[in-house]
Amino acid sequence: MATGWGSLLQDERQLEELARQAVDRALAEGVLLRTSQEPSSSNVVSYAPFTLFPSLVPSALLEQAYAVQMDFNLLVDAVSQNAAFLEQTLSSTIKRDDYTARLFDIHKQVLKEGIAQFSPQTVFLGLNRSDYMFQHNADGSPALKQIEINTISASFGGLASRTPAVHRHVLNVLSKTKEAAKILSNNPSEGLALGIAKAWELYGSANALVLLIAQEKERNIFDQRAIENELLARNIHVIRRRFEDVFEKGSLDQDRRLFMDGQEVAVVYFRDGYMPSQYSQQNWEARLLLERSCAVKCPDIATQLAGTKKVQQELSRVGMLEVLLPGQPQAVARLRATFAGLYSLDMGEEGDQAIAKALAAPSRFVLKPQREGGGNNLYGEEMVQALEQLKDSEERASYILMEKIEPEPFGNCLLRPGSPTRVDQCISELGIFGVYVRQGKTLVMNKHVGHLLRTKAIVHADGGVAAGVAVLDNPYPV
Ligand code: ADP
Ligand code: MG
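Only a predicted model underlies this, so the values are computations on that prediction, with no experimental measurement involved.

## Some points on the side chain of Lys-310
Structurally, Lys-310 is set in helix 13 (residues 309-315). A relative accessible area of 0% places Lys-310 in the buried class. Once residues lying within four places of it in the same chain are set aside, the contact partners of Lys-310 are Thr-89, Leu-90, Ser-92, Thr-93, Ser-344, Asp-346, Gln-370 and Ile-400.

## A word on the packing of helix 3 (residues 69-81) against helix 15 (residues 329-337)
Where helix 3 contacts helix 15, the axes come no closer than 9 Å and their chain directions differ by 100°. One finds that helix 3 runs roughly perpendicular with respect to helix 15. Listed contacts from helix 15 to Asp-71, Phe-72 and Leu-75 of helix 3 are Ala-331, Arg-334 and Leu-335. Here the residues of the contact of helix 3 with helix 15 are counted per class, giving 4 nonpolar, no polar and 2 charged.

## A word on the side chain of Asp-77
By secondary structure assignment, the location of Asp-77 is in helix 3. Leave out the neighbours within four places in its chain, and Asp-77 touches Tyr-436, Arg-438 and Leu-443.

## Some thoughts on the environment of Leu-288
Looking at the secondary structure, you find Leu-288 in helix 11 (residues 281-292). Sequence separation between Leu-288 and Asp-346 is 58 residues, and the spatial gap between their C-alpha atoms is 29 Å.

## Regarding the pattern of salt bridges
Applying the stated criterion to the full structure yields 35 salt bridges. Where Arg-225 meets Glu-228, a salt bridge forms, and the shortest distance between an N and an O atom there is 2.8 Å. Of the two residues, Arg-225 and Glu-228 both sit in helix 9 (residues 221-232), 3 residues apart, roughly one turn of that helix. Salt-bridge contacts for Lys-404 lead to Glu-406; the nearest nitrogen and oxygen are separated by 3.7 Å. Accessibility expressed as a relative area gives 28% for Lys-404, which makes it partly exposed. With relative accessibility at 37%, the residue Glu-406 sits in the partly exposed group. The network of salt bridges with shared partners includes Lys-310, Glu-314, Arg-317, Asp-346 and Glu-350.

## Considerations on the sheet that holds strand 15 (residues 399-403)
Spatially, 3 strands are ordered 13-15-14 in an open sheet, and the strand pairing comes out antiparallel. Strands at the two margins of the open sheet, each flanked by one partner only, are strand 13 (342-344) and strand 14 (365-369). Averaged over all pairs of adjacent strands, the angle between their axes in this sheet comes to 30°, without regard to strand direction. Across 5 bridges, the pairing between strand 14 and strand 15 is antiparallel. Residue pairing across strands places Phe-365 opposite Glu-403, the latter belonging to strand 15. Together, strand 13, strand 14 and strand 15 form the strand contacts of helix 16 (residues 349-360), whose direction differs from that of strand 13 by roughly 130°. Against the sheet, helix 17 (residues 380-390) touches strand 14 and strand 15, its axis set at about 60° to strand 14.

## A short note on the UniProt feature "binding site: Mg(2+)" (unreviewed entry) in the protein chain
UniProt marks Glu-148, Asn-150 and Glu-372 with the feature "binding site: Mg(2+)" (unreviewed entry), using the numbering shown here. These annotated residues cover 225 residues of sequence, but their C-alpha atoms sit close together, with the largest distance between any two at 9.9 Å. Ignoring sequence-local partners within four residues, the contact set of Glu-148 consists of Arg-129, Ser-130, Asp-131, Lys-309, Gln-312 and Glu-372. Mapped onto the elements, Glu-372 comes out in the loop between strand 14 and helix 17. Contacts of Glu-372, omitting those with residues within four sequence positions, involve Glu-148, Asn-150, Tyr-274, Met-275, Gly-307 and Lys-309. Engagement of the side chain of Glu-372 in a polar contact is seen with the side chain of Lys-309, the distance being 3.2 Å.

## Section: the packing of helix 2 (residues 59-67) against helix 3
Look at helix 2 against helix 3: their axes get within 4 Å of each other, and the N-to-C directions meet at 30°. In terms of axis orientation, helix 2 runs roughly parallel to helix 3. The segment helix 2 lies against helix 3, with Ala-65, Tyr-66 and Ala-67 engaging Gln-69, Met-70 and Asp-71. In terms of residue class, the contact of helix 2 with helix 3 is made up of 4 nonpolar, 1 polar and 1 charged.

## Re the site of ligand 1
If you check the shell around ligand 1, you find 21 residues, and the closest are Lys-309, Lys-368, Gly-374, Glu-429 and Lys-456. Within the side chain of Glu-372, an N or O atom sits 2.9 Å from an oxygen atom of ligand 1. Contact distances for ligand 1 include 2.8 Å between a nitrogen atom and a backbone N or O atom of Glu-403. For the shell around ligand 1, the secondary structure elements donating two or more residues are strand 6 (142-150), strand 14 and strand 15. When its residues are assigned to classes, the shell around ligand 1 shows 7 nonpolar, 4 polar and 10 charged.

## Points about the packing of aromatic side chains
Overall, the coordinates contain 11 aromatic pairs when judged by the stated rule. Three or more aromatic residues joined by ring pairs form one cluster here, namely Tyr-99, Phe-243, Phe-270, Tyr-279 and Trp-284. One cation-aromatic arrangement involves Arg-287 over Phe-270; the distance from NZ or CZ to the ring centre is 4.3 Å. It is Arg-438 that lies over the ring of Phe-124; its NZ or CZ is 4.3 Å from the centre.

## Details of the nonpolar core
Membership of the largest hydrophobic core comes to 59 residues, with the highest contact counts inside it found for Leu-75, Val-79, Leu-211, Val-268 and Leu-290. Contact partners of Val-268, with chain neighbours within four places excluded, come to Leu-211, Ile-213, Leu-258, Leu-290, Ala-295, Val-296, Lys-297 and Cys-298. With 58 residues, the next largest nonpolar core counts Leu-8, Val-31, Ile-183 and Phe-433 among its residues.

## A few points about the UniProt feature "domain: Glutathione synthase substrate-binding" (unreviewed entry) in the protein chain
Taking the UniProt record as the reference, the feature "domain: Glutathione synthase substrate-binding" (unreviewed entry) is found at residues 209-306. Note that residues 209-306 is 38% helix and 27% strand, and that its end C-alpha atoms are spaced 26 Å apart.

## A word on the pairing of strand 17 (residues 423-439)
With respect to burial, strand 17 is a largely interior element, 15 of its 17 residues being buried. As judged from the 10 bridges shared by strand 5 (residues 123-136) and strand 17, these two strands associate in the antiparallel manner. Residue pairing in the sheet places Leu-127 in a bridge with Val-435 of strand 17. In the sheet, strand 16 (residues 410-415) pairs with strand 17 via 4 bridges, with the strands oriented antiparallel. Bridge pairing in strand 17 links Asn-412 to Asp-424. For strand 17 and strand 18 (residues 442-457), the ladder comprises 14 bridges, and the chain directions are antiparallel. Each bridged residue has a counterpart across the sheet, and for Cys-426 the counterpart in strand 18 is Ala-457. Following strand 17, the chain reverses through 2 residues before pairing antiparallel with strand 18; Gly-440 in that reversal takes a positive phi of roughly 55°.

Rules behind the numbers
- The numbers attached to residues start from 1 for each chain and follow its sequence in the written order.
- The naming scheme follows written order: chains are lettered A onward, ligands numbered 1 onward.
- Under the rules for a predicted model, residues below a pLDDT of 70 receive no local features and side-chain atom pairs below 80 are neither given nor counted, while totals for whole chains, interfaces and linings still include all residues.
- Only hydrogens and water are removed before side-chain values are computed, so all heavy atoms of the structure are retained for them.
- Put simply, DSSP H or I for four residues or longer makes a helix, DSSP E for two residues or longer makes a strand, and each gets a number counted from the N terminus.
- Note on exposure labels: buried denotes an accessible area under 20% of the residue type's maximum, exposed denotes more than 50%, and partly exposed covers the range between, all computed with a 1.4 Å probe on protein chains only.
- Should any heavy atoms of two residues lie within 4.5 Å, those residues are counted as being in contact.
- In this analysis an axis means a line fitted to C-alpha atoms, helices contributing only their contacting stretch, and an angle means the value between N-to-C directions, from 0 to 180 degrees.
- Geometric relationships in this document are graded by angle, where less than 35 degrees denotes roughly parallel, more than 145 denotes roughly antiparallel, 65 to 115 denotes roughly perpendicular, and other angles denote oblique.
- Only Asp, Glu, Lys and Arg are considered charged, only Ala, Val, Leu, Ile, Met, Phe, Trp, Tyr, Cys and Pro nonpolar, and every remaining residue, Gly among them, polar.
- In the sections that follow, a salt bridge refers to a side-chain nitrogen of Lys or Arg positioned within 4 Å of a carboxyl oxygen of Asp or Glu.
- Here, any two strands with at least 2 DSSP bridges between them count as paired.
- UniProt positions are given in the numbering used here, feature names are shortened, and annotations may be inferred rather than shown by experiment.
- N or O atoms closer than or at 3.5 Å make up a polar contact, with two conditions inside protein: a donor-capable atom paired with an acceptor-capable one, and, for residues adjacent in sequence, both atoms drawn from side chains.
- Any residue with a non-hydrogen atom lying within 4 Å of a molecule or strand is treated as near it.
- Centres within 6.5 Å make a pair out of two Phe, Tyr or Trp rings, where for Trp the six-membered ring is used; the pair is then stacked when the planes are under 30 degrees apart, edge-to-face when over 60, and tilted otherwise.
- Sitting over a ring, as applied to charges here, requires NZ of Lys or CZ of Arg to be within 6 Å of the ring centre and within 35 degrees of the ring normal.
- To define a nonpolar core, start from buried Ala, Val, Leu, Ile, Met, Phe, Trp, Tyr and Cys residues and group those joined through side-chain atoms within 4.5 Å.

Quick look at the structure:
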């Protein structure tokens, strides 16, 4: 497979001129982030980092990723509804991981109160993003392998709709008009907003709002605004509030309708609350209040738990998908084809064997705790040290082990404010956005709504765009 833009990457002066043009176009298109110096204000903004060229992606893998997205939506939905599966799967993890344990406590409490879950009209909304890398097989062929599925705060759907114009611009400057036309249009934020709008409509109260749970310091505001703008265009109003505001001013009425500043809330959309540092005691209480309400939560606590690495690992066990998606052998086959090797580290022989395998060949594995947001995984020597330290302790159950995906590197320029234009050896990660809405037992919506390609230099093992490692990109189908 051809992997890159060949001689174009060799002309330094041309690269610099193209980069200037690309950056100006990115700014004009709204591919924006707030700065790290002023993350709470839009007074000064800059461009979100991106690649100079779109990166080559085999069309067949792109199609495969799209084709399996509805199956992943069904799977996440099935797991979130299966309290017994969640309880069993997370039982060892929650003994050793306080953060997952707290999420699980809220889940238990909500179940015990038997709210919403048991009403036939209750609405569930899933907005997720399934992420993949392209494993470079020994015979040279690439294979689509899932890295993880994000069931909370899956981001960059807004900015990803703005980057195709930038890459088309770069190719047009080079008079590569045929190539420019191959860059796919992409509009995840519209699709995500349509999911929220459907949930809002089914909630059925014309004056109710969408409550976006926001962080005080939010560099990625323009990504979120893209969704807000789509909703407003449909006459659905969004208010942005922090957990702290919910703690102070949120309330439930006797029917558990949620009110914020006196206004009824139809849908709660979380862009916060996916990592432990985001929860003070007050924030935990606010989260519980939101979960107890009959507003549609995106995601509800069970769906957040369905996105844990531990659940991902248990789903890969032989026979598990068949139990969760009975009578759907084709969906099961499509899902399973994307699974990499995943191994439990629970105490016992199976976990011992996994640890022995990883210690014998550290470069082939990744050690993952139950965390989101990038920068938490351990590789190589660090993984070995952690495993040596953990291996006789029950704490190891709070991690999972994963086969390391090895894509074939290619050259591209990663454009970042303040960094020189230079060619790096890179690898990409493809995300597909999925949306589903369920009312009671009826699935009302299930679709894929676009993609996100992120690319990083191979020197960085971990980390996404928000973590400052990966940059926005577009697939160039080949
Ligand atoms: P997070 O929830 O923190 O985003 P991920 O599982 O997505 O956790 O891992 C973060 C990053 O680490 C990924 O974006 C990817 O670059 C890298 N990574 C994760 N798992 C693997 C793997 N199995 N093989 C290779 N790289 C991986
Ligand atoms: Mg990730």
